[in-house]
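Understanding the architecture of this molecule
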Amino acid sequence: MQMIEKLKKKIVIIATIATFALMAFLLVIINTINYSVVVSEADKVLDMLSRPGESFFADEDRTDGSRGPGDRNRPGKKHQTPIGEKREGKKPEDFGEGNRGMPGGMSPEVPYESRFFTVLVDDNGELVESDVSRIVSVDSDSAKEYLNEALNSSRDKGFVNSFRYKKIAEDGMTRIMFLDCGRKLNAFYRFMWVSIAIGLFGCLIVFIIMIFVSRQLVKPIEESYERQKRFITDAGHEMKTPITIISVNTDLLEDEIGENESIKDIRLQTKRLTALTNELVYLSRIEETENRIQKTEFTISDIVNETASEFAPSADAGNIYYEYTVEPDIRIKGSDEMMRRLISILLDNAIKYTPQNGKIYLNLNSDKKTVVLKIVNTVDEDIPEEDIKHLFERFYRTDESRNSETGGHGLGLSIAKAIVDAHGGKITAACNNKEFEINVILAQ
């Protein structure tokens, strides 16, 4: 039941791919928004810290030589307000009513929580001064390295490692402020990797669920297909008896009244019906036992040589150039009877549809662990790609007008495909430049 198994695989693959695509879409959106929030908040802090004339650290400004802006952040220094003395610093109202002086309702504590450093450069890009008093992880030498990377960028804002920078014009020079976003970026990356892991885990769960669900989804199709195959097999066996009776009575009638056109037509149609019934029963039997055929090791080279030689007289009768090349001693596992039928079907199909003075080439060779059988024949006209897709379907014909000329019932290539499938192989067809080609690939 290869068709049913393929359908199950398609359902599982399509559902998994759809889930993966949806997860990827959502993760991209979520993480993009998350990253935009990190950048937006960093830019707000930089805008706030770089406002002209604004000093958020007035209480730390050095007035008597004992304190400086960076003292509260430096290791080993701790600011203490003497007992009984009220510490003077900025009050909430100093930022405006409702903290309107802070961007986006930002807390007045943000300037004190932020870790940043600034550098000032002249028009030639030479360092004039640097202030690293509000950060511990960066010294003056490191500040120069960050400065060089920022100057190499033409953008006024961007990232240098985990620092978000902003360029500010100041008295004919440029001040660059670097804000440490390490913690927020680390949180963003942790969230991103966790979300990706969850997304992949979700896809895996959907994949496992669909393996079980697909069985239930295709069960009605599988049952219908089984009933169809049983019907064809049973009907074929039932039809054999009346066909045999008709054939016998036709012979008796011919003995009594002699040969005439009507009896010839009856005998011809009886043969056609017998052949059609046998082909339907054979095809149904192959599909029923495709996974249970008795496989033995045999030399396919000998079978191809023998069968190909049998079609030489037919090719000569049709004035067709016929050539076959077979690599010797190629062995495979399978049914030799089925292989004979497969080669007969393909060669018979080639001779039927090759015009006079046409050509047929057969080639059998082995490639590593596979065996490749190729049959090429010339045709009157190229077969459209749309027809190629349906060639191996039952009763399908590319040219209905030639039915009476070529005979057959449109089941040959269907049987060929069923035989190849039963052997775990692959059969394909193509048509280019008035050359029709069939390739059969089998495992050695």
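All values derive from a computational prediction rather than experimental measurement.

**Focus on the overall build of the chain**
The helix and strand inventory of the chain stands at 11 helices and 12 strands. Counting all 444 residues of the chain, 37% fall into the buried class. Of all intrachain contacts in the chain linking residues separated by at least 6 positions in sequence, the fraction that spans at least 24 positions is 68%. Carbon and sulfur atoms make up 53% of the accessible area of the chain, which totals about 26,500 Å².

**A look at the environment of K10**
Checked against the element boundaries, K10 lands in helix α1 (residues 2–49). K10 gets classed as exposed once you look at its relative accessible area, which sits at 54%. Each C-alpha atom, one on K10 and one on S214, is 9.3 Å from the other, the two residues being 204 residues apart in sequence.

**Let's talk about the environment of S133**
The residue S133 is located in the loop between β2 (127–131) and α3 (140–151) in this model. The spatial distance from the C-alpha of S133 to the C-alpha of F117 is 7.1 Å, given a sequence separation of 16 residues. Side chain to side chain, S133 and D131 meet in a polar contact 2.6 Å long.

**So, a positive patch on the surface**
Taken together, the side chains of K6, K9, K10 and K426 present a region of like positive charge at the surface. Considering each element in turn, the positive patch owes the most residues, 3 residues, to α1.

**A few points about the sheet that holds strand β5 (residues 173–180)**
Read from one edge of the open sheet, 5 strands run β2-β1-β5-β4-β3, paired in antiparallel fashion. The open sheet has two edge strands with one neighbour each: β2 and β3 (157–160). Pairwise comparison of adjacent strand axes, ignoring direction, gives a mean angle of 25° for this sheet. Sheet topology places strand β4 (residues 163–170) next to β5; 8 bridges connect them, and they run antiparallel. Bridging from a neighbouring strand, F163 pairs with D180 of β5.

**Here's the deal with the nonpolar core**
If you look at soluble globular proteins, the nonpolar side chains tend to sit buried side by side. If you look at the biggest cluster of nonpolar residues, it comprises 51 residues, and the most contacted ones within it are I300, L346, F436 and V440. A per-element tally of this core places helix α8 (residues 336–353) first, with 9 residues. The contact partners of V440, leaving out residues within four places of it in the chain, are L342, L346, V371, V372, L373, V420, K426 and I427. Among the nonpolar cores identified, the runner-up in size contains 15 residues, and V38, L49, L185 and M192 belong to it.

**Side note on the side chain of S301**
Relative to the assigned elements, S301 resides in helix α6 (residues 300–310). A distance of 2.6 Å separates the side chain of S301 from the backbone oxygen of E327, its partner in a polar contact. The residues contacting S301, other than those within four sequence positions of it, are V326, E327, P328, D329, I330 and L364.

**Re the pattern of salt bridges**
Tallied over the full model, the rule gives 13 salt bridges. Where E41 meets K184, a salt bridge forms, and the shortest distance between an N and an O atom there is 3.0 Å. Of this pair, E41 sits in helix α1 while K184 sits in helix α4 (residues 182–257), and the two are 143 residues apart along the sequence. Given a relative accessible area of 35%, E41 falls into the partly exposed group. Among the salt bridges present, the one from E170 reaches R175, with a minimum N-O distance of 3.0 Å.

Procedures and definitions
- Residues numbered from 1 in each chain as written.
- Predicted model: local features only at pLDDT ≥ 70, side-chain atom pairs only at ≥ 80, totals over all residues.
- Heavy atoms only, no water.
- Helix = DSSP H or I, 4+ residues; strand = E, 2+ residues; numbered from the N terminus.
- Buried < 20%, exposed > 50% of the residue type's maximum accessible area, 1.4 Å probe, protein only.
- Contact = heavy atoms within 4.5 Å.
- Areas by Shrake-Rupley, 256 points an atom, 1.4 Å probe, with all protein chains shown as cover.
- Polar contact = N/O pair within 3.5 Å; in protein donor to acceptor, adjacent residues only side chain to side chain.
- Patch = residues over 30% accessible without salt bridge, like charges linked within 9 Å, V, L, I, M, F, W, Y side chains within 5 Å.
- Salt bridge = Lys/Arg side-chain N within 4 Å of Asp/Glu carboxyl O.
- Lys, Arg positive; Asp, Glu negative; His and termini not counted.
- Charge placed at Lys NZ, Arg CZ, Asp CG, Glu CD.
- Pairing = 2+ DSSP bridges.
- Axes fitted to C-alpha atoms, helices over the stretch in contact; angles between N-to-C directions.
- Core = buried A, V, L, I, M, F, W, Y, C linked by side-chain atoms within 4.5 Å.

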